[in-house]
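A closer look at the structure
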Amino acid sequence: MDEQKPHKRRVHYSGHYPKRFEEKYKELQPEKYGEEVAHVLAKGNTPAGMHIPIMVDEILNVLQIQPGEKGFDATLGYGGHTLKMLEALQGRGHLIGGDVDPIESAKTEERIRAKGYGPALWERRQMNFCQIDELAAEVGPFDFVLADLGVSSMQIDNPARGFSYKADGPLDLRLNPEAGISAAERLRELDKDELTGLLQTNADEPYAAQIAREIMRTERRQPIETTTALHEAVTRALENVPLPPDMQSVAGYSTKRQAAARAQLIKKSSARVFQALRIDVNHEYEVLYEFMEKLPYALAPGGRAAILTFHSGEDRIVKQAFKAYHQQGLYRAIAKDVIRPSKEECYRNSRAHSTKLRWAIKA
């Protein structure tokens, strides 16, 4: 008779719903709690600790992956796109997944290995995707390359990474927390004019001057070390600025609507401030420029590249690089128009709204 194992109760959280990221055990183990995750997804939300791949069908249509080919997923993330590309290879060929984040990419490797994909078909490299030239020199040119430039939901949702003001945590914002300096340290290096320019360049922030002034005033009293402290500084900077005409017309003279409009204004500006700092501490524009310069030389003849961008600065760099190299004859074809996610996908996944897809084919 088999020995019966003692029942072990699951860890429970206080209250009706989990409030801390670490308590969301159901969502942090999506493969174990399918019913709960399905409920979250049905509402158009992304479960904590999970990332939903965006525009999968459109990407596969662009890349036209054939069994036996060699590919590079330049931004591995949660591995959703990688798994779909591995399916397209049908067990023949080779795919490399690169990611600068040592924390999340290691977790992704475990998930992919658990699905039966061994090193002969797939391997992970911890690397910055601008090192594509070094990788191609080692393994040979690629038949297809995907770069999803968005920050993964796992990074955004985890307060310890400091990517969002929605939960209090250290103001870090580094994709690789083992390298470089944090956003908190970076703020201490900047003066008001430099911060104003950074907010304008990296996020098109309309209230850059007011926000920079308040951040510098706060820094003089006490250094901003947490996500909450930064969000509070943005709130103070915007609590008395006139609402823009479009918000003013909607809010009218209603005190309640005026308060709701101001809360929305602060929310959007806070998101842009975090975006601007993240781009700066990770040198995202410099890295993207370098990647786009090296990309055509890392592709095999006829090789296809697909790039997902999430804000105008990224899209502008990708568009201009594809156009310039197409005129030089390095690409035989490029996307004439940007490809956007469907309304259905945006409804299912709210984080898809700002996505743009562009592609190119090597001559």
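What counts as what
Residues numbered from 1 in each chain as written. Predicted model: local features only at pLDDT ≥ 70, side-chain atom pairs only at ≥ 80, totals over all residues. Heavy atoms only, no water. Helix = DSSP H or I, 4+ residues; strand = E, 2+ residues; numbered from the N terminus. Buried < 20%, exposed > 50% of the residue type's maximum accessible area, 1.4 Å probe, protein only. Contact = heavy atoms within 4.5 Å. Pairing = 2+ DSSP bridges. Axes fitted to C-alpha atoms, helices over the stretch in contact; angles between N-to-C directions. Phe/Tyr/Trp six-rings, centres within 6.5 Å; stacked < 30°, edge-to-face > 60°. Polar contact = N/O pair within 3.5 Å; in protein donor to acceptor, adjacent residues only side chain to side chain. Core = buried A, V, L, I, M, F, W, Y, C linked by side-chain atoms within 4.5 Å. pLDDT = per-residue confidence, 0-100. Right-handed = clockwise from strand over helix to strand, strands pointing away.

A few words on the overall build of the protein. Scanning the protein from N- to C-terminus turns up 16 helices and seven strands. Residues classed as buried in the protein amount to 51% of the 363 residues present. At a minimum sequence separation of 6, the contacts of the protein that also span at least 24 residues come to 69%.

Moving on, we come to the sheet that holds strand β7 (residues 356-362). In space, the seven strands of this open sheet follow the order β3-β2-β1-β4-β5-β7-β6, with mixed pairing throughout. At either margin of the open sheet sits one strand with a lone partner, and together these are β3 (122-126) and β6 (331-334). Neighbour-to-neighbour, the strand axes of this sheet turn through a mean angle of 15°, independent of strand direction. Note: strand β1 (residues 70-73) against strand β4 (residues 142-148), three bridges, orientation parallel. Note that in β4 the partner of D73 across the bridge is L146. Packing against the sheet, helix α5 (residues 102-114) makes contact with β2 (94-99) and β3, and its axis sits at approximately 170° to β3. Lying over the sheet, helix α15 (residues 312-327) contacts β5 (299-309), β6 and β7, oriented at roughly 140° with respect to β6.

The next thing to look at is the packing of aromatic side chains. A complete count under the given rule lists five aromatic pairs for this structure. With 5.4 Å between their ring centres and 90° between their planes, F322 and Y331 make a pair best called edge-to-face. Comparing F322 with Y331 shows no difference in burial state: the two are buried. Their ring planes at 80° and their centres at 6.4 Å tell us that Y325 and Y331 sit as a pair that is edge-to-face.

Turning our eyes to something else, we now look at the environment of N282. When you line up the elements, N282 lands in the loop between α13 (255-281) and α14 (284-298). Through-space distance from the C-alpha of N282 to that of S182 is 9.2 Å; in sequence the pair is 100 residues apart. A polar atom in the side chain of N282 sits 2.8 Å from the backbone oxygen of L173.

The next point concerns the nonpolar core. Counting 38 residues, the largest nonpolar core has L171, I211, I215 and L230 as the members making the most contacts within it. Those elements that place two or more of their residues in this core are α8 (183-189), α9 (192-203), α10 (208-221), α11 (227-238), α12 (245-251) and α13. Top element by residues in this core is α13. It accounts for eight residues. In this structure, L230 is in contact with L171, L187, I215, I224, V273, F274 and L277, ignoring residues within four places of it in sequence. Judged by nonpolar contacts, the second largest core, of 33 residues, contains V287, L288, I307 and V318.

Averaged over the protein, the pLDDT score is 85; the fraction of residues at 70 or greater is 85%. No element of the protein has a lower mean pLDDT than helix α1 (residues 25-28), which averages 46, and none a higher one than β6, which averages 97. Residue range residues 7-18 is modelled with pLDDT below 50. Its contacts to residues more than four positions away, or to other chains, number 10 contacts. Note on residues 21-27: pLDDT under 50 across the span, and 23 contacts to partners over four residues away in sequence or across chains.

Moving on: the pairing of β3. The pairing of β2 with β3 spans five bridges and is classified as parallel. If you follow G98 over to β3, its bridge partner there is R125. With α5 bridging β2 and the parallel β3, this β-α-β connection has right-handed handedness.

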